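Geometric and topological summary
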Amino acid sequence: HFVYNVSAFLSNIGWVVTSASCNRGMANRSTETVMSLFDMMVTNLLAHHDSDSEGGSTRDALLGSLDSTTLKSLSVYLPSLQSLCGHTDRGSPPNSQLEFSQLQLTFLLSRLITAVLSLNRKIILVLDNFEHVDSSALTLLSEVLTSVGQVPISRFLFVGCYRDNIDESHPLTAQLTDLRRRQDI
């Protein structure tokens, strides 16, 4: 209930709030949950009234910041971007079976977040039950947040809610220790 109440409060004061929750026993499917979090963020931004934004239209910002290849590649993982792919006429669509490396996916998501931040909207991503995220998804999130942290911005917040009963051997412990050492995020 805490996450819901905080999300509702922040939404009421102008933040675009997107949340997702990981479940125990997800095995290697937590990356799917992370990707759905980004997809819901794009859906929420596209649904927001563009007149509420100082930075202009979400659609225009994404089309202006992301080339057609990037949009088409990301739309494999983020279906909400498929509506924008019709507005680009260059290139051919990626193979729907295409698998990207973690590095490629990190790069593409970082470009997406940078484009979204150009909108000058206050954006918060909430991932509940963060202790159930596997090491691959943790690495992806850490790398995307680190690359976004290089941009001086005060309108983007990522919140990972987790139980405090995780031990030193849990992958989240190492990632949190590393993130706490960083000055730029």
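Note that the coordinates shown come from a computational prediction; the quantities given were computed from them, not determined experimentally. (Residues numbered from 1 in each chain as written. Predicted model: local features only at pLDDT ≥ 70, side-chain atom pairs only at ≥ 80, totals over all residues. Heavy atoms only, no water.)

Points about the overall build of the protein chain
- Across its full length, the protein chain carries 8 helices and 3 strands.
- Along its sequence from the N terminus, the protein chain presents helices and strands in the succession α-β-α-α-α-α-α-β-α-β-α.
- Per-residue burial for the protein chain yields a buried fraction of 43% across its 185 residues.
- Counted over contacts in the protein chain with a minimum sequence separation of 6, partners at least 24 positions apart contribute 74%.
- When the accessible surface of the protein chain is summed, it comes to about 10100 Å², and 51% of that surface belongs to carbon and sulfur atoms. (Helix = DSSP H or I, 4+ residues; strand = E, 2+ residues; numbered from the N terminus. Buried < 20%, exposed > 50% of the residue type's maximum accessible area, 1.4 Å probe, protein only. Contact = heavy atoms within 4.5 Å. Areas by Shrake-Rupley, 256 points an atom, 1.4 Å probe, with all protein chains shown as cover.)

Things to note about helix α2 (residues 30-47)
- With 18 residues, α2 should cover 26 Å at 1.5 Å per step; its first-to-last C-alpha distance of 25 Å lies within 8% of that length.
- All buried positions along α2 are accounted for by S30, T33, V34, M35, L37, F38, D39, M41, V42 and L45. (Expected span 1.5 Å × (residues − 1).)

Examining the packing of α2 against helix α6 (residues 102-117)
- At a closest axis distance of 12 Å, the pairing of α2 and α6 adopts a crossing angle of 25 degrees. It follows that α2 is roughly parallel to α6 by the angle criterion. Here α2 runs over α6; the crossing is left-handed. Of the residues in α6, those touching α2 at M35, F38, M41, V42 and L45 are L105, L109, L112, I113 and V116.
- Of the residues belonging to the contact of α2 with α6, the class tally is 10 nonpolar, no polar and no charged. (Axes fitted to C-alpha atoms, helices over the stretch in contact; angles between N-to-C directions. Parallel < 35°, antiparallel > 145°, perpendicular 65-115°, else oblique. Left-handed = near helix turned anticlockwise from the far one by under 90°. Nonpolar A, V, L, I, M, F, W, Y, C, P; charged D, E, K, R; others polar.)

Remember, this is a structural readout, not a statement about activity or role.
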